[in-house]
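Observations on the model geometry
What follows is each chain in one-letter form.
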Amino acid sequence: MDIVFIEDLRIDAVIGIYDWERRVRQTLSFDIEMAFDNTKPAASDNIADTLNYKDVSKRLMDFVGSSSFGLVETLAEHCAAIIREEFGVSWVRLKLSKPGAVRGSKAVGVRIERGDRLRSD
Ligand SMILES: Nc1nc2c(c(=O)[nH]1)N=C([C@H](O)[C@@H](O)CO)CN2
């Protein structure tokens, strides 16, 4: 199965378990891989046949930007569900990074995979 990806999608949101984190917006970064058969859009050259990464990005920007979860696990799960349910994606791998959250690290966060990755081989 082919992949449509979105790399380093940055979105500001309220996220975190500490009191100070409830009062600020922090920048999160998303790396997303979505299983999709790209042979049809490749043949038609028609955007309507694609898994449109701009549409997915805009939907996540709307959702994440107005969210206020405590844990990155919860936010990642909701984002994966949106991608699968609203865009018909059978398998998604999503890495959610919280840059600068832990002193001494570049980023912390979670990587999750949901659904079945269909194989063509
Ligand atoms: N597994 C997790 N560990 C931690 C989380 C989290 O969401 N998942 N969150 C925090 C704090 O909010 C932290 O990011 C603040 O620096 C700590 N550990």
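Anything mentioned here points back to the structure above.
Residues numbered from 1 in each chain as written. Predicted model: local features only at pLDDT ≥ 70, side-chain atom pairs only at ≥ 80, totals over all residues. Heavy atoms only, no water.

Think of a sheet as strands paired side by side through backbone hydrogen bonds, with each pair either parallel or antiparallel. If you trace the four strands from one edge of the open sheet to the other, you get 1-2-3-4, paired in antiparallel fashion. Every other strand in the sheet has two partners, leaving strand 1 (3–13) and strand 4 (107–115) as the edge strands with one partner each. In this sheet, neighbouring strand axes are inclined to one another by 15° on average, regardless of whether the strands run parallel or antiparallel. Looking at chain direction, strand 3 (residues 91–99) and strand 4 are connected through nine bridges and run antiparallel. Residue pairing across strands places Lys98 opposite Val108, the latter belonging to strand 4. (Pairing = 2+ DSSP bridges. Helix = DSSP H or I, 4+ residues; strand = E, 2+ residues; numbered from the N terminus. Axes fitted to C-alpha atoms, helices over the stretch in contact; angles between N-to-C directions.)

In this section: the pattern of salt bridges. A complete count under the given rule lists seven salt bridges for this structure. For Glu77, the salt bridge identified is with Arg114, shortest N-O distance 2.8 Å. In this pair, Glu77 is assigned in helix 3 (residues 72–87) and Arg114 in strand 4, connecting sequence segments 37 residues apart. Owing to a relative accessible area of 35%, Glu77 belongs among the partly exposed residues under this scheme. (Salt bridge = Lys/Arg side-chain N within 4 Å of Asp/Glu carboxyl O. Buried < 20%, exposed > 50% of the residue type's maximum accessible area, 1.4 Å probe, protein only.)

Of note, Asp19 is situated in the loop between strand 1 and strand 2 (26–35). C-alpha separation for the pair Asp19 and Glu85, spaced 66 residues apart in sequence, amounts to 33 Å.

Okay, the site of the ligand next. The immediate surroundings of the ligand are formed by Gly16, Ile17, Tyr18, Glu21, Leu71, Val72, Glu73, Lys98 and Ala101. Note that an oxygen atom of the ligand is positioned 3.3 Å from one of the backbone N or O atoms of Ile17. Between the ligand and the protein, one listed contact pairs a nitrogen atom with a side-chain N or O atom of Glu73 at 2.7 Å. If the ligand stood free it would expose 410 Å²; the protein chains cover 69% of that surface. Judged by the proximity of its atoms to the pocket grid, the ligand belongs to the largest pocket. For the shell around the ligand, the per-class residue count stands at five nonpolar, one polar and three charged. (Near = heavy atom within 4 Å. Polar contact = N/O pair within 3.5 Å; in protein donor to acceptor, adjacent residues only side chain to side chain. Areas by Shrake-Rupley, 256 points an atom, 1.4 Å probe, with all protein chains shown as cover. 1 Å grid on protein atoms, 1.4 Å probe; cavity = no way out; pocket = protein on both sides within 12 Å on 5 of 7 lines; lining within 4 Å. Sits in = over half its atoms within 2 Å of the grid points. Nonpolar A, V, L, I, M, F, W, Y, C, P; charged D, E, K, R; others polar.)

Attention shifts here to helix 3. Compared with the 22 Å implied by 1.5 Å per residue over 16 residues, the 22 Å span of helix 3 between its first and last C-alpha is a close match. Of the positions making up helix 3, those classed as buried are Val72, Leu75, Ala76, Cys79, Ala80, Ile82 and Ile83. When helix 3 is viewed along its axis, its buried side chains cluster within an angular range of 155° and face the same direction. Looking at the buried residues of helix 3, the elements they touch are strand 2, helix 2 (53–65), strand 3 and strand 4. Within two residues after helix 3, Gly88 carries a phi angle of roughly 65°, on the positive side. (Expected span 1.5 Å × (residues − 1). Arc of directions from axis to C-beta. Contact = heavy atoms within 4.5 Å.)

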